[in-house]
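Overview (structure and organization)
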Amino acid sequence: MSDVTWHPTAYRTHNLGQISEGADLVGKEVTVCGFAEALRGKGKICFVDLRDGTGRAQVFLKQGNLSDEELESIQNASRESTLQITGVVALKRPPKVADGEPTPPPAYEVVASSAQVLAGAQTPLPLGVTDTVHIDLNTRLNNRYLDLRRSHVNAMFQLRSRVLQYGREFLISEGFGEINSPKIIAAAAEGGTNLFPMQYFDTPAYLSQSPQLYKQLSILGGLDRVFEVGPAFRAEEHDTYRHLNEFISFDIEMAWADDEDVMGVLERMINHVWAKISKQEMHLFEPINEFRSSQGKEPVEVVIPSIPFPRVSYDDAIALIQKKGGDINWGDDISAAHCDLIADEYPGFYFLPRWPMEMKPFYIHHVKGENGTTGEQLSRGFDLNYGRDEMTSGGQREHRWEILEQNLRDMELDPADFDFYIDGFRYGAPPHAGWGLGVARLLMVLCGASNVREIVLFPRDRSRVTP
Ligand code: AMO
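First, a word on scope: everything that follows refers to the structure included in this document. From a predicted model like this one, the values you see are computed outputs, not experimental measurements.

Here the focus is the overall build of the chain. Scanning the chain from N- to C-terminus turns up 13 helices and 17 strands. For the chain, the spread of C-alpha atoms along the principal axes amounts to about 85 × 60 × 40 Å. Per-residue burial over the chain gives 48% buried out of 467 residues. Considering only intrachain contacts with a sequence separation of at least 6, the fraction spanning at least 24 residues in the chain is 66%. Put simply, the chain shows about 22700 Å² of open surface, and 51% of that area lies on carbon and sulfur atoms. Taken as two groups, the 46 positive and 66 negative side-chain charges of the chain have centres that lie 6 Å from each other.

Here you go:
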């Protein structure tokens, strides 16, 4: 909260994060709001643990300090009801500690002089907000609005926001500007099989599967360095821990640059994000690791990845997988199971550059002259992986319209069908390169999550379009 400018609102003068660090507030009257996490005591005295998005604080209510009706309404409130409390901040009475035990740091509470229930919570709650019992992912996602109130889940979404903030700030510091491309499109840039069709007035249209074409057109329009954080829609049949039908893609495109240049941008960005997180956001891992420990899981650690990341060319990856007993031939796709074998040797982030041209989209630039071990044409397309999971794919793009048309003919496609794409290249085009990063996949690494759904607010997969 330290870098946040706080203004009181119609409902509260302070947030609970401020109260919990409230040495300078002792003796002052405040109004705070929050969810009633726990209520203790009936009769003349009771305590409420109140929680908002910034922290927790205890409220002390005593008959005589506030009206009997107010005291009664709070004592009858169910857990997770929202409360508004006015009172004076006081130092909490320190708990008794045994001889030789360290004294806990001072803590603060609000001694209520007035209290209101803003909205009562129905009972029973469909899931316990403070429970550490295992709750299956489907139940959690069905009741995501409550699941998000759980401290470790909340912390992951705060981390997500920080990752995007630090990613943006890094790119801006390297001269990139943010764009927004249309999500309603007329034709596919990534291949036509996984598009969601929609009706656009009298014309058929689709939901965009990638900003690919539009980020390139921005470069052709002279914007030099652009990035976009936005949704991508894929009508894929996949139903895995790492695929969704709507995901947020973090894309860049850079003029006068090749594949190696944009790999450099990517590794510097990830290094910057990890460094900022480990300097400023480690408190967010406390609830995450507390929860993990309650589930018998190892804590997650944030180790700033050193750069440059290893580069394991496609050729070398095939040889390494074969050496480790994996069943693969040159020209095959590298599966997650194959990546496990590579990750044995390269734990952490590693690039897989120089894929065969025929495995990459027509817009990827070929590698001049040098051919692969089999004499096949190599490309300037690459992936970034962490362990078994692909985080990013990208590459240098072909900027010459004649070669784009040739690439399409080589793939037995008709260039006339791709005029929507190639037309933008007909009037001079800078050589350029870029990548697309799956935000949830990167967060999965940072938070130690085993499913992208954990860090997607309201996931959309084959069986879920609600809530
Ligand atoms: P690609 O299709 O590889 O490349 O997507 C880029 C990155 O987006 C993430 N991703 C997904 N995340 C969740 N669910 C999905 N169904 C899903 N599909 C992809 C992955 C992947 O690495 N236009 C190119 C990028 C470029 O060349 O600039 C593209 O879209 O993390």
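Close contact between helix α5 (residues 151-173) and helix α8 (residues 285-294) brings their axes to 8 Å; oriented N to C, the two are set at 140 degrees. By the angle between their axes, α5 is oblique relative to α8. Judged by the sense of rotation from one axis to the other, the crossing of α5 with α8 is left-handed. Contacts between α5 and α8 involve S151, H152, A155, M156 and L159 from the former and F285, P287, I288 and F291 from the latter.

Each aromatic ring pair is characterised by the separation of its centres together with the angle its planes make. Taken as a whole and assessed by the stated rule, the structure comprises 18 aromatic pairs. With a centroid separation of 5.2 Å and 15 degrees between ring planes, the pair formed by F309 and F349 is classed as stacked. Taken together, the positions of F309 in the loop between α8 and α9 (314-323) and F349 in strand β12 (residues 349-352) put the pair 40 residues apart, joining distant regions of the chain. Judged by relative accessible area, F349 falls into the buried class, the value being 5%. Between Y346 and Y350, the aromatic rings sit 6.5 Å apart at their centres with planes inclined by 40 degrees, giving tilted as the arrangement. Ring pairing ties together the aromatic residues W274, F309, F349, F351, F382 and Y386, which thus form one cluster.

What follows deals with a nonpolar patch on the surface. Together, I184, Y200 and F201 make up an exposed nonpolar region whose accessible area comes to about 350 Å². Within the element layout of this structure, F201 appears in the loop between β8 (197-200) and β9 (203-207).

Around the ligand lies a shell of 22 residues, among which Q212, K215, E390, M391 and S393 are the nearest. Residue S210 places a side-chain N or O atom 3.1 Å away from a nitrogen atom belonging to the ligand. At a separation of 2.6 Å, an oxygen atom of the ligand approaches a polar side-chain atom of E390. For the ligand, whose accessible area on its own is 630 Å², the fraction buried by protein is 91%. Where the shell around the ligand is concerned, the elements lending two or more residues are α6 (212-220), β16 (389-397) and β17 (432-438).

Further remarks concern α9. Of the residues making up α9, those classed as buried are Y314, A317, I318, L320 and I321. One side of α9 holds all its buried residues, which, seen down the axis, span an arc of 165 degrees. Buried residues along α9 sit in contact with α10 (336-345) and β12. At the C-terminal side of α9, G325 shows a positive phi close to 90 degrees.

What follows concerns the pairing of strand β4 (residues 82-91). In this structure, strand β1 (residues 29-40) lies alongside β4, joined through seven bridges in antiparallel fashion. Bridge pairing links C33 to Q84 in β4. Here β4 pairs with strand β5 (residues 108-119) via 10 bridges, running antiparallel. Within the sheet, the bridge partner assigned to L83 lies in β5 and is V117.

For the coordinates displayed, the defined rule picks out zero disulfides. C46 carries a free sulfur, and the closest cysteine sulfur to it, the one in C33, is 17 Å from it.

This brings us to the packing of helix α7 (residues 259-280) against helix α13 (residues 439-447). The N-to-C vectors of α7 and α13 enclose an angle of 45 degrees; their axes lie 13 Å apart at closest approach. With respect to each other, α7 and α13 are oriented oblique. Crossing of α7 against α13: the hand is right-handed. Contacts between α7 and α13 involve I270, W274 and I277 from the first element and L442, V445 and L446 from the second. Looking at the contact of α7 with α13 residue by residue, the classes come out as six nonpolar, no polar and no charged.

Reading the values: rules and limits
- Residues numbered from 1 in each chain as written.
- Predicted model: local features only at pLDDT ≥ 70, side-chain atom pairs only at ≥ 80, totals over all residues.
- Heavy atoms only, no water.
- Helix = DSSP H or I, 4+ residues; strand = E, 2+ residues; numbered from the N terminus.
- Buried < 20%, exposed > 50% of the residue type's maximum accessible area, 1.4 Å probe, protein only.
- Contact = heavy atoms within 4.5 Å.
- Areas by Shrake-Rupley, 256 points an atom, 1.4 Å probe, with all protein chains shown as cover.
- Lys, Arg positive; Asp, Glu negative; His and termini not counted.
- Charge placed at Lys NZ, Arg CZ, Asp CG, Glu CD.
- Axes fitted to C-alpha atoms, helices over the stretch in contact; angles between N-to-C directions.
- Parallel < 35°, antiparallel > 145°, perpendicular 65-115°, else oblique.
- Left-handed = near helix turned anticlockwise from the far one by under 90°.
- Phe/Tyr/Trp six-rings, centres within 6.5 Å; stacked < 30°, edge-to-face > 60°.
- Patch = residues over 30% accessible without salt bridge, like charges linked within 9 Å, V, L, I, M, F, W, Y side chains within 5 Å.
- Salt bridge = Lys/Arg side-chain N within 4 Å of Asp/Glu carboxyl O.
- Near = heavy atom within 4 Å.
- Polar contact = N/O pair within 3.5 Å; in protein donor to acceptor, adjacent residues only side chain to side chain.
- Arc of directions from axis to C-beta.
- Pairing = 2+ DSSP bridges.
- Disulfide = S-S within 2.5 Å.
- Nonpolar A, V, L, I, M, F, W, Y, C, P; charged D, E, K, R; others polar.

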